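Examination of the molecular architecture
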Amino acid sequence: MVLAPAYDCDGFEEGGMGLAWLVIAAACSAGSAAPPDSRTWGQRLADSTLAEFPTAWNMRKSDGDYRWAYTQGLVGLGLYRLHRKHGAARYHDYVKAYVDHYVEADGRIRTLALDEFNIDSVNSGKLLFPLLDETGEARYRKAIEQLRRQLEWQPRTRGGVFWHKLKYPWQVWLDGL
């Protein structure tokens, strides 16, 4: 018995096995399909991240410790943009909790060592700007000023490009361009 016409379907060889598997899968799942998920793929990914890492500050270690770092800044910026697009407070709250975990009342960023000249620290700093705009809290401005001070003294190549970190002299990574 032939379940499908003999043509290439989804990259399978002749015989239509791709279509046959699709028909079998559809028949086996008939009546048991989950209701459609109205979230965007971005929201699904964000919600999965929040479920796996309930607090952003311990999402990933950087240089062996939990610290103000690149990865959390990258994820946080994406979450903040999802918050702006969809009005989902959970994304905003997650980002703010991360920033507030590290930014002290006086604006000092815990775990930030300016003398390391680690360009990775700057990425999380992008989260400070919207929080400053929303709240007007001076501590966010002071934290931005710390990162600005780092950039003023950050070692550079002869062409003016930031070194990635002091411990990686003359290395240029994408986030330093």
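Whatever comes next refers back to the structure up there.
Described in the following lines is the structure provided in the data block. Within any chain, residue numbers begin from 1 and follow the written order of that chain's sequence. Since the coordinates come from a predicted model, pLDDT governs what is reported: local features require at least 70, and pairs of side-chain atoms require 80 or more to be given and counted, while whole-chain, interface and lining totals use all residues. The side-chain figures draw on all heavy atoms in the structure; neither hydrogens nor water molecules are used.

Considering empty space enclosed by the protein
Threshold: For cavity detection a 1 Å grid was placed over the protein atoms alone, and a set of points counts as a cavity when a 1.4 Å probe fits there but cannot get out; an open set counts as a pocket when protein lies on both sides within 12 Å along at least five of seven lines, with lining residues being those that have an atom within 4 Å of a point. Grid points are joined across faces, edges and corners, and a volume is the space filled by probe spheres set on the points.
For the coordinates displayed, the defined rule picks out 1 cavity of 30 Å³ or more. Within this model, the largest cavity holds a volume of roughly 40 Å³. Lining the largest cavity, in full, are Ser62, Arg67, Trp68, Ala69, Tyr70, Thr111, Leu112, Ala113, Asn118, Asp120 and Ser121.

A closer look at unusual backbone geometry
Short version of the rule: For the purposes of this entry, the term helix denotes a DSSP run of H or I that reaches at least four residues, the term strand denotes a run of E that reaches at least two, and both are numbered from the N terminus. For each residue, the accessible area found with a 1.4 Å probe, counting protein chains only, is set against the maximum for its type, and the residue is called buried under 20%, exposed over 50%, and partly exposed in between.
Here the phi dihedral of Phe117 falls at roughly 50°; this positive angle occurs in a residue that is not glycine. In this fold, Phe117 is placed in the loop between helix H4 (89-102) and helix H5 (120-125). Take Phe117: its relative accessible area is 17%, and that puts it in the buried class. The residue Trp170 is not glycine, and still its phi comes out positive at about 70°. Note that Trp170 resides in the segment after helix H7 (138-153).

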